[in-house]
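Spelled out, the chains give:
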Amino acid sequence: MRTFLLLLCFLPSALLAAEPVPLAGHPTRTDEGERGARQTAIDATLALKVAHPDQVRRQVLELTKQAGGYPTLVSDGRLDLRVPPQQVEALLTQFSQTGLVLGRTLQRSDRTEVIADLQARLRTKRDIFQRLRAFLDDSNVAATLKVERSMTALVSDLERLRSELEVEEANVRNASVRITFQFHQERRVDQVISPFAWLNTLDLEQFLGAF
Amino acid sequence: MRFLTTAAMLGIAMALGTACGPTYRMDAPDDFVKYAKDHGKFAWTTADGVRVKARDVKNEPKAELPFWTDAAQRHLTARGYTKKSERCFTTRQGAPGCTLEWLAPRGNEDWVFAVTIFVTGDRVTLVEAVGPFARYVAVEAKLAKALQTFDPGP
């Protein structure tokens, strides 16, 4: 019990002390809040039809690295990237030049309110935690057990809120770009008939058959 | 009698000329050889199977090169081919032509299907080239150079 109480006393201190360290070149949340800047998360998708996915994948990863981004998923048909938001449009243009663009989307969502709400909830929970900790000093066993239960629940809430906030802040710090590659999957649509007769004779298989 | 013989010979010659079809000319592209199966037709191949062939179609309805280039592009896109490139040029003889290169899946490979279009009066001359992507790309520049010398004939 004593060990658990000690743990409860140290854990909140660690949680309270662990304020996120602002990255170099990125304004802190407080700074942004003071200036009234909006915190925007960017999600982009790009569907490319390419001849050589391996070659294009290497090229895209190199461009991402040069721009200060990094991959979060690399597979045969898909690349998930995190890139600095200010670079996202230039990168999408560069990526688009590596193949035939089948689809491109860019979505910006304002996360200011969500982040502010999470910060407020986190602050409130921390305040409650501090007040509960003060009760531990002069309470009897029964009260200690009650306080202990409340603090355990609060620690769990604090951890959850903190990780939600971290995810939101990471989404604002880095834009998410998902690239899907298509090559062999796309089937030809053979039923298309042109009103211009000779165009219907343009066909790879017909050519090989008649050669 | 001599007049009749001459006229008959001329007739036969004209008939043969028509039967043989247009006479295309082009400097031999490096790495290509004339395809031996039919010496009469304009067909070339590389050792690793990149093939080139020319043929005529009727310019019907009568239209110019930009029209047919656009129509071919739209048609092949609608059929699911992926456009690789488009290159318009003028041959050494002054004939304007456009090369459209397309990609299409064939088995487990991507193949290139390239068509170069020339429009001469009532004829549209097509020079088609086909090959697996890697092999086609290796001779692409040589073929483009040879196409600069292409003459669709009279």
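Above: the structure in question.
Because the structure is a prediction, the values reported are computed rather than measured. Positions within a chain are numbered from 1, following the residues in the order the chain's sequence is written. Chain labels run from A onward and ligand labels from 1 onward, assigned in the order the entries are written. The model is predicted, so local features are restricted to residues of pLDDT at least 70 and side-chain atom pairs to those at 80 or more, both for listing and for counting; the totals for chains, interfaces and linings are taken over all residues. For the side-chain quantities, the full set of heavy atoms in the structure was used; hydrogens and water were omitted.

Let us now look at the sheet that holds strand β1 (residues 40-49) of chain A. All names here are of chain A. In this scheme, strands are said to pair when DSSP sees at least two bridges between them. Per the convention used, a helix needs a DSSP run of H or I reaching at least four residues, while a strand needs a run of E reaching at least two, with both numbered from the N terminus. Pairing in this open sheet of five strands is mixed, and the strands run β2-β3-β5-β1-β4 from one edge to the other. Looking along the sheet, the strands with just one partner apiece sit at the ends: β2 (70-74) and β4 (100-110). Each adjacent strand pair in this sheet contributes to an overall mean axis angle of 15°, direction not counted. As judged from the four bridges shared by β2 and strand β3 (residues 78-83), these two strands associate in the antiparallel manner. Within the sheet, the bridge partner assigned to L73 lies in β3 and is D80. In what follows, a contact means two residues having at least one pair of non-hydrogen atoms within 4.5 Å. Axes here refer to lines fitted to C-alpha atoms; in helices the fit is confined to the stretch in contact. Angles between the N-to-C directions go from 0 to 180 degrees. Contacts from helix α4 (residues 88-96) reach β1, β3, β4 and β5 (175-182) within the one sheet, and its direction differs from that of β4 by about 170°.

The partner chain A presents 27 residues to the 40 residues of chain B that form the contact. Throughout, the accessible surface (probe 1.4 Å) given up by two parts as they are put together, summed over both, is called the buried area. Between chain B and chain A, roughly 3,000 Å² of surface is buried when both sides are summed, and carbon and sulfur atoms account for 67% of that area. Interface area lost by chain B to chain A is led by H75, R79 and P105 of chain B, which between them contribute 21%. Here, a salt bridge means any Lys or Arg side-chain nitrogen found within 4 Å of an Asp or Glu carboxyl oxygen. Linking chain B with chain A are two salt bridges. Think of a polar contact as two N or O atoms within 3.5 Å of one another; within protein, one of them needs to be a possible hydrogen donor and the other a possible acceptor, and neighboring residues in sequence only count if both atoms come from side chains. Connecting chain B to chain A are seven residue pairs in polar contact (both at pLDDT 80 or more). Where the side of chain B that touches chain A is concerned, the elements lending two or more residues are β2 (43-46), β3 (51-58), α2 (65-78), β5 (96-106), β6 (109-120) and β7 (123-132) of chain B.

All names here are of chain B. Pairs of cysteine sulfur atoms within 2.5 Å are identified as disulfides in what follows. Scanning the entire structure with this criterion turns up one disulfide over all chains. The disulfide that involves C88 links it to C98, with 1.9 Å between the sulfurs. On the sign convention where negative is left-handed, the bridge of C88 and C98, at about 105° about the S-S bond, is right-handed. Of the two residues, C88 is situated in strand β4 (residues 82-90) and C98 in strand β5; the sequence distance between them amounts to 10 residues.

Turning to the sheet that holds β3 of chain B, a few remarks are in order. Residues and elements named next belong to chain B. The strand order across the open sheet formed by seven strands is β1-β2-β3-β7-β6-β5-β4, and the pairing between neighbours is antiparallel. Strands with a single pairing partner mark the edges of an open sheet, and in this sheet they are β1 (32-34) and β4. Pairs of neighbouring strands in the sheet enclose a mean axial angle of 25°, with direction left out of account. Where β2 and β3 come together, three bridges link them in antiparallel fashion. Opposite A43, over in β3, you have K53 as the bridge partner. Where α2 meets the sheet, its contacts fall on β4, β5, β6 and β7, and the angle it forms with β5 comes to roughly 5°.

One pass over the structure, following the stated rule, counts 23 salt bridges over all chains. With its nearest N and O atoms 3.1 Å apart, the salt bridge here joins R178 of chain A to D80 of chain A. Taken together, the residues span a long stretch of sequence, with R178 of chain A in strand β5 and D80 of chain A in strand β3 at a distance of 98 residues. Think of it in three bands: residues with accessible area under 20% of the maximum for their type are buried, residues over 50% are exposed, and the middle band is partly exposed, with areas taken using a 1.4 Å probe on protein chains only. Residue classification places D80 of chain A among the buried positions, given a relative accessible area of 10%. For R106 of chain B, the salt bridge goes to E205 of chain A, with nearest N and O atoms at 2.8 Å. Of this pair, R106 of chain B sits in strand β5 while E205 of chain A sits in helix α7 (residues 204-210), each in a different chain. Taken together, the salt bridges that share partners define one network made up of K125, D157, R160 and E164 of chain A.

The next subject is the packing of helix α5 (residues 112-137) of chain A against helix α6 (residues 141-173) of chain A. Residue and element names in this part refer to chain A. Following both chains from N to C, one finds α5 and α6 inclined at 155°, their axes separated by 9 Å at the closest point. With respect to their mutual orientation, α5 and α6 come out roughly antiparallel. Classified by chirality, the crossing of α6 by α5 is left-handed. For this scheme, ten residues count as nonpolar: Ala, Val, Leu, Ile, Met, Phe, Trp, Tyr, Cys and Pro. Four count as charged, namely Asp, Glu, Lys and Arg, and the remainder, Gly too, count as polar. Residue composition of the contact of α5 with α6, by class: 17 nonpolar, three polar and 10 charged. Working definition: roughly parallel below 35 degrees, roughly antiparallel above 145 degrees, roughly perpendicular at 65 to 115 degrees, and oblique for all remaining angles. Handedness of a crossing is defined here by the sense of rotation of the near helix relative to the far one, left-handed for an anticlockwise turn of less than a right angle and right-handed for a clockwise turn.

One can find K58 of chain B in strand β3. Considered as a pair, K58 of chain B and R123 of chain B are 65 residues apart in the sequence and their alpha carbons are 4.9 Å apart. In contact with K58 of chain B, other than residues within four places in its own chain, are W198 of chain A together with D122 and V124 of chain B.

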